[in-house]
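Residue-level listing of the chains:
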Amino acid sequence: MPTINLHQTTNLTPEQYLAGLTDFGPGRGKLFGNSTDDYLKVHHCGPTDADVTEGSGGIWERLHYDWSDPNHVVLTTTDSNAWGGASGHTYTFTRNPNGTTDIDVVVVREGKNLKGWLLGLVVGTIGKGVLEKAFVNSVKAIEARNRVAGLGSAA
């Protein structure tokens with residue numbers, strides 16, 4: 001069962017990244033490349049949790065998002081065509097004294113069938129770089145969105 005640890009330091013606040021992470025509207029793929037609009041289905045979205053199916057490239061998963069603790073966000077896989085068991089993502093946000101935020105993500109991938117098991121082997125070896133790139137790109141996309149929003153509100 002591959003467990004991947006990712007880390008990024010950003011100028012975003014935890015609230016800004018969380019707003020991007022929990023934006024389940026059209027265009028989500030611009031923030032998260034592994035979540036295209038073709039797969040996106042919001043089953044429930046409340047003030048501190050959501051039930052969402054998302055994916056891309058033939059892989060989908062239904063996730064329960066829990067941000068009741070906004071500094072520790074847990075995404076639990078509840079159904080998938082590849083992942084099961086303990087699969088999911090955990091985001092931990094740490095505010096730094098200089099105004100930056102450390103984002104630590106733990107991704108767990110437990111295959112529930114042959115497809116998932118084989119993908120798990122890939123994720124656990126060469127796939128870490130792919131996940132890392134996707135995470136860095138999501139941080140950059142949310143930073144860019146917040147810069148644009150900041151410019152728009154100043155005008």
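Thresholds applied
- Residues numbered from 1 in each chain as written.
- Predicted model: local features only at pLDDT ≥ 70, side-chain atom pairs only at ≥ 80, totals over all residues.
- Heavy atoms only, no water.
- Phe/Tyr/Trp six-rings, centres within 6.5 Å; stacked < 30°, edge-to-face > 60°.
- Helix = DSSP H or I, 4+ residues; strand = E, 2+ residues; numbered from the N terminus.
- Buried < 20%, exposed > 50% of the residue type's maximum accessible area, 1.4 Å probe, protein only.
- Salt bridge = Lys/Arg side-chain N within 4 Å of Asp/Glu carboxyl O.
- Arc of directions from axis to C-beta.
- Patch = residues over 30% accessible without salt bridge, like charges linked within 9 Å, V, L, I, M, F, W, Y side chains within 5 Å.
- Areas by Shrake-Rupley, 256 points an atom, 1.4 Å probe, with all protein chains shown as cover.
- Polar contact = N/O pair within 3.5 Å; in protein donor to acceptor, adjacent residues only side chain to side chain.
- Pairing = 2+ DSSP bridges.
- Axes fitted to C-alpha atoms, helices over the stretch in contact; angles between N-to-C directions.
- Contact = heavy atoms within 4.5 Å.

So what's going on with the packing of aromatic side chains? Which residues, and what values?
The way to describe two aromatic rings as a pair is by their centre distance and the angle between their planes. Scanning all chains against the criterion turns up five aromatic pairs. Where tyrosine 17 meets phenylalanine 32, the ring centres are 6.5 Å apart and the plane angle is 85°; that geometry is what we call edge-to-face. Placement of the pair is tyrosine 17 in helix H1 (residues 14–21) and phenylalanine 32 in the loop between helix H2 (28–31) and strand E2 (41–45), with a sequence separation of 15 residues. We classify phenylalanine 32 as buried; its relative accessible area is 12%. Measuring from centroid to centroid gives 4.9 Å for phenylalanine 24 and tyrosine 65, while their planes differ by 75°, and the two rings are edge-to-face. Of this pair, phenylalanine 24 sits in the loop between H1 and H2 while tyrosine 65 sits in strand E4 (residues 59–66), and the two are 41 residues apart along the sequence.

Quick one: what's the story with the pattern of salt bridges, residue by residue and with numbers?
Evaluated as defined, the whole model comprises six salt bridges. For the salt bridge of arginine 62 with aspartate 51, the shortest nitrogen-to-oxygen distance reads 2.5 Å. Placement of arginine 62 in strand E4 and of aspartate 51 in strand E3 (residues 49–56) is noted, with a sequence separation of 11 residues between them. Given the relative accessible area of 17%, aspartate 51 is considered buried.

Hey, could you go over H1 for me, with residue numbers and the actual values?
Along H1, the residues classified as buried are Pro14, Tyr17, Leu18, Gly20 and Leu21. Each buried residue of H1 lies within a common arc of 160° when the element is viewed along its axis, so the set occupies one face.

An account of a nonpolar patch on the surface is requested, with residue identities and associated values reported.
On the surface, a cluster of nonpolar side chains totalling about 450 Å² of accessible area is made up of Leu114, Trp117, Leu118 and Leu121. In this structure, leucine 121 sits in helix H3 (residues 114–124).

For H3, give the residues involved together with the corresponding values.
Residues Gly116, Gly120 and Val123 constitute the buried set of H3. What you see down the axis of H3 is that its buried residues fit within an arc of 65°, all on one side. With respect to the buried face of H3, the exposed residues turned more than 90 degrees away are Leu114 and Trp117. Capping the start of H3, asparagine 113 holds a side-chain oxygen 3.2 Å from the backbone nitrogen of lysine 115, two or three residues further along.

I'd like a description of the sheet that holds strand E1 (residues 3–10), backed by residues and values.
Reading across from one edge, E1-E7-E6-E5-E4-E3-E2 is the order of the seven strands in this open sheet, with antiparallel pairing throughout. Two strands in the sheet have a free side with no partner beyond their single neighbour: E1 and E2. Strand after strand, the sheet turns through a mean of 20° between neighbouring axes, direction not considered. Pairing between E2 and E3: four bridges, direction antiparallel. Looking at the pairing, cysteine 45 lines up with alanine 50 of E3. Contacting E4, strand E5 (72–80), strand E6 (88–95) and strand E7 (101–108), H1 runs over the sheet at an angle of about 155° to E6.

Kindly report on the side chain of threonine 10, identifying the contributing residues and their values.
Assignment of secondary structure puts threonine 10 in strand E1. A relative accessible area of 3% places threonine 10 in the buried class. Within the structure, threonine 10 has its side chain in polar contact with the side chain of glutamate 143 (distance 2.5 Å). The residues touching threonine 10, leaving out its near neighbours within four places in the chain, are Thr100, Thr101, Ile103, Val139 and Glu143.

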